[in-house]
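Residue-level structure breakdown
Residues per chain are reported as follows:
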Amino acid sequence: MSDSRLGEAAHFAFARHETFAPRFGWLHKAYMQVKRDQGAFLADDAPVLFGVGKNMVNAMRYWSRAFKLTREHSPAQRTQAKFSYPTWEARWLLDEDGADPYLEENGSLWLLHWWLVSSRPGAKSHAPAWYTAFHLAPFSRFSTADMTQVVTRHVNFSYDKSPEEASIVRDIDCITKMYARSAPEKAGSPGSYEDLLACPFRDLDLLTFVGTRGKPEWQFTSGHRTSLPARVLAYACLDYAAKFSRQANSISVARLANEPGSPGRAFRVQENEIVMALQKIAADHPQLNLTEAVGQRSLAFTADPFELAWEVLDEQYDFVTRRPGFPTREEWAAKFPELAMAEQKELATKATDATEAADTTEMLFAEETA
């Protein structure tokens, strides 16, 4: 089954970015700090540690979690403070000897975009407005009001409470600011011009401004993604397949291209581009094969697709996991056992129970934004 309901795919979290789209250097800086001190975001001198203003610290914390680079967990019982623990994926990508710590390759941005808008049990999205925009919205061209209405409808259907409409509007504004190369800026909007200059995700060219200053509208772009590496696209396809099966199996290309939650929707690519990428990767990976039956093409895999996904992705970055001293997932989990605790808590949480999630998130950010 696909993620047809927002509550099954995403946590209840709105406007946690403090109006700031993610900027160059933020994710690496956040990872290096929380690897050293899991309470870094909560420290009194956090703005000094991170070298940004107080609201930007909150934004860095949110984006680190939203990109699945950290998980949050209370370090002790009967405490409300949530510490941030770096995931193995963050270690793989952002450490000094990682795949791309300074995000110099567009493939890394595509990968982070996938992590932001993908969802699987135990690792749901923390960006419901982003998930809705890419996977559930029924149009390719939209105004802020159009997308706000769609997100609101899915929120009302999926959760047991609703955010303020202004919070959803802030999320939609952040989406356009994050991905569109040109857009009219609201006078006095915090960080607007800086975000336009400093947000790396605009290089993905997923959105374009098509309206006028008096009637701003945006459109999702389509066509061949020249900056999307075949291995990153294949990784996303296998990662998506692993959501449904962790054993040898197959999944149709139509599902990979069209289902809510799929790489096709996340990257805005068509079946043919997915087929070309998978053909290219399957040629060097005998455990992968593109089959066709009754006119339907499918990706077949003879082993756990999650493990195969990481083999393909690791190859894209010259086999990071084979470098001396690189920790296995098990070694990293032993170093940060709170990661597994946070995952188990998420798995045990009712999909549509927004109240506890919202109250927790409000508590997390209350002190910083007071």
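Description of the structure in this document.

About the criteria used
- Residues numbered from 1 in each chain as written.
- Predicted model: local features only at pLDDT ≥ 70, side-chain atom pairs only at ≥ 80, totals over all residues.
- Heavy atoms only, no water.
- Helix = DSSP H or I, 4+ residues; strand = E, 2+ residues; numbered from the N terminus.
- Expected span 1.5 Å × (residues − 1).
- Buried < 20%, exposed > 50% of the residue type's maximum accessible area, 1.4 Å probe, protein only.
- Core = buried A, V, L, I, M, F, W, Y, C linked by side-chain atoms within 4.5 Å.
- Contact = heavy atoms within 4.5 Å.
- Pairing = 2+ DSSP bridges.
- Axes fitted to C-alpha atoms, helices over the stretch in contact; angles between N-to-C directions.

1. Re helix 14 (residues 271-282)
With 12 residues, helix 14 should cover 16 Å at 1.5 Å per step; its first-to-last C-alpha distance of 16 Å lies within 8% of that length. For helix 14, every residue scored as buried is listed here: Glu273, Ile274, Val275, Ala277, Leu278, Ile281 and Ala282.

2. Focus: unusual backbone geometry
The backbone phi angle of aspartate 205 is positive, close to 60 degrees, even though this residue is not glycine. In this structure, aspartate 205 sits in the loop between helix 10 (192-198) and strand 4 (207-209). Within the chain, aspartate 318 stands out as a residue other than glycine whose phi angle is a positive 60 degrees. One can find aspartate 318 in the loop between helix 15 (305-316) and helix 16 (329-335). Judged by relative accessible area, aspartate 318 falls into the exposed class, the value being 61%.

3. Here's the deal with the nonpolar core
The biggest cluster of nonpolar side chains holds 110 residues, and the ones touching the most others in it are Trp63, Trp92, Leu116, Trp130, Met178 and Tyr179. When residues in this core are grouped by element, the largest group, 10 residues, is from helix 11 (residues 230-241). Excluding residues that lie within four positions of it along the chain, tryptophan 130 makes contacts with His17, Tyr62, Trp63, Leu116, Val117, Asp171, Cys174, Ile175, Met178 and Tyr179.

4. As for the environment of arginine 23
Structurally, the position occupied by arginine 23 is in the loop between helix 1 (6-9) and helix 2 (26-36). Look at arginine 23 and you get buried, because its relative accessible area is 13%.

5. Some details on the sheet that holds strand 7 (residues 288-293)
Strands in a sheet are paired, the pairing made by backbone hydrogen bonds, and the direction either parallel or antiparallel. Taken in spatial order, the three strands of this open sheet run 6-8-7, and their pairing is antiparallel. With one partner strand each, in any of the chains shown, strand 6 (249-252) and strand 7 form the two edges of the open sheet. Along the sheet, successive strands turn relative to each other by an average axial angle of 30 degrees, direction set aside. Here helix 14 sits on the sheet in contact with strand 7 and strand 8 (296-301), set at roughly 135 degrees to strand 7.

6. Describing the sheet that holds strand 4
Pairing is antiparallel in the open sheet, where three strands are placed in the order 3-5-4. Of all strands in the sheet, those bounded by a partner on one side alone are strand 3 (141-142) and strand 4. Relative to strand 5 (residues 218-220), strand 4 is paired through three bridges, and the arrangement is antiparallel. Of the residues in strand 5, the one forming a bridge with leucine 207 is phenylalanine 220.

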